[in-house]
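One-letter residues, chain by chain:
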Amino acid sequence: MQWWCAATTAEWSWSWRPYPGVWLAMLLIVFLYWRGLRGAGGIGAVGPLRAVSFGAGLAVLWIVLDWPVGALGGGYLLSVHTAQYVAMTLIAMPLMLAGIPAAVYPGTGRAATLLRLLARPQVGLVLYTAVMAVTHVPRVTDTLMATQLGSFGIDLVWLFGAFALWWPVQAPAGYVRMSAPLQVGYLFAATIPPTLPAAFMVFADYPLYALYELAPRAGLAAGTDQQAAGLIMKAGGDPLLWIAMTIVYFRWQHAEDARERRDQAYSPQEQLS
């Protein structure tokens, strides 16, 4: 039995396969979140929308790690492997972070110091880019995805890179926070690094990853699969960042309008009248 989705030499089959390691990981995350909510006063204190957001992000994470998506991406289709990366980085992580109340994070100590460092935009962007670049090097992918431990390691590193990307934008008060216009610029800058690996996958004359080239076919030829992977990374990832930029912009506008209304309501002329 495989505990985590990784490459195999078996022909692809739609017969269900269990991956207990994925289930245990999801249960651990749920347990840690439950403990965090208890410490923050429970769902009633933090609001049900946070729990819904976290649950939605966890559901996306579970879908892309478990069968069949996890198995297909683990050793059959590069396009599915890339879709896993996009979903974990640009959907699951921001939803999960939005669902974690500020009271869960430490206010002092080494952990808080580290979180303040990670909240700096230059640190977040560099770490996100480094994780994306290294984990998409063909030799790294071919080597690690061939084992369950290596595949598990790539998933963990992806989650760390996703956290590094979103933390400067979603960190609560008390940590380094950019202004809304800078957040929009930061997220726009995050659309640039995936361009290079996506271009390599789309325009390469031959398959870059031996693991996916030599894998038992699961519906797509190796060349077509690789081109689809490049398109998913760029054309699938950028719109998700644009949506995030739009949300940040309209929240900023709403806050500015509310501030202007408060200033008008408590103007000196009205206070003297």
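Residues numbered from 1 in each chain as written. Predicted model: local features only at pLDDT ≥ 70, side-chain atom pairs only at ≥ 80, totals over all residues. Heavy atoms only, no water.

**Observations concerning the side chain of His136**
Reasoning step 1: Mapped onto the secondary structure, His136 falls in the loop between helix H7 (121-135) and helix H8 (138-144).
Reasoning step 2: For His136, a relative accessible area of 7% translates into the label buried.
Reasoning step 3: Apart from the residues within four sequence positions on either side, His136 is in contact with Tyr85, Thr141, Trp158, Tyr209 and Met233. (Helix = DSSP H or I, 4+ residues; strand = E, 2+ residues; numbered from the N terminus. Buried < 20%, exposed > 50% of the residue type's maximum accessible area, 1.4 Å probe, protein only. Contact = heavy atoms within 4.5 Å.)

**Topic: the nonpolar core**
Reasoning step 1: One finds Leu61, Leu65, Leu97, Trp166, Trp167, Tyr175 and Leu187 to be the most contacted residues of the largest nonpolar core, which totals 69 residues.
Reasoning step 2: Broken down by element, the residue count for this core peaks at eleven residues, all from helix H5 (residues 78-98).
Reasoning step 3: With residues up to four places along the chain from it excluded, the contact list for Trp167 reads Leu97, Tyr105, Leu115, Leu118, Ala119, Pro172 and Tyr175. (Core = buried A, V, L, I, M, F, W, Y, C linked by side-chain atoms within 4.5 Å.)

**Considering the environment of Ala171**
Reasoning step 1: As for its placement among the helices and strands, Ala171 is situated in the loop between helix H9 (148-170) and helix H10 (180-189).
Reasoning step 2: Exposure remark for Ala171: the relative accessible area of 0% places this residue in the buried category.
Reasoning step 3: A sequence separation of 43 residues divides Ala171 from Leu214, and the C-alpha atoms of the two residues are 43 Å apart.
Reasoning step 4: Those residues in contact with Ala171 that sit more than four places away from it in its chain are Ala119, Val176 and Arg177.

**Regarding the packing of aromatic side chains**
Reasoning step 1: What the rule picks out here adds up to 16 aromatic pairs.
Reasoning step 2: When the ring of Trp16 is compared with that of Trp23, the centres are 6.2 Å apart and the planes differ by 10 degrees; the resulting orientation is stacked.
Reasoning step 3: Looking at Trp16, the relative accessible area reads 54%, which means it is exposed.
Reasoning step 4: What makes Trp23 partly exposed here is its relative accessible area of 30%.
Reasoning step 5: Between Trp167 and Tyr175, the aromatic rings sit 5.4 Å apart at their centres with planes inclined by 65 degrees, giving edge-to-face as the arrangement.
Reasoning step 6: A relative accessible area of 0% means that Trp167 is categorised as buried.
Reasoning step 7: The class for Tyr175 is buried, based on a relative accessible area of 10%.
Reasoning step 8: Taken together, the ring pairs in this structure connect Trp12, Trp14, Trp67 and Tyr76 into an aromatic cluster. (Phe/Tyr/Trp six-rings, centres within 6.5 Å; stacked < 30°, edge-to-face > 60°.)

**Description of the side chain of Thr141**
Reasoning step 1: Within the fold, Thr141 resides in helix H8.
Reasoning step 2: When residues no more than four places from it in sequence are discounted, the contact partners of Thr141 are His81, Thr135, His136, Tyr209, Leu211 and Tyr212.

**Looking at the packing of H7 against H9**
Reasoning step 1: In the contact formed by H7 and H9, the axes pass within 8 Å of each other and the chain directions differ by 155 degrees. Relative to H9, the element H7 is oriented roughly antiparallel. Where H7 crosses over H9, the handedness of that crossing is left-handed. The segment H7 lies against H9, with Pro121, Gly124, Leu127, Tyr128, Val131 and Thr135 engaging Val157, Trp158, Phe160, Gly161, Ala164, Leu165 and Pro168.
Reasoning step 2: Residues that form the contact of H7 with H9 fall into these classes: ten nonpolar, three polar and no charged. (Axes fitted to C-alpha atoms, helices over the stretch in contact; angles between N-to-C directions. Parallel < 35°, antiparallel > 145°, perpendicular 65-115°, else oblique. Left-handed = near helix turned anticlockwise from the far one by under 90°. Nonpolar A, V, L, I, M, F, W, Y, C, P; charged D, E, K, R; others polar.)

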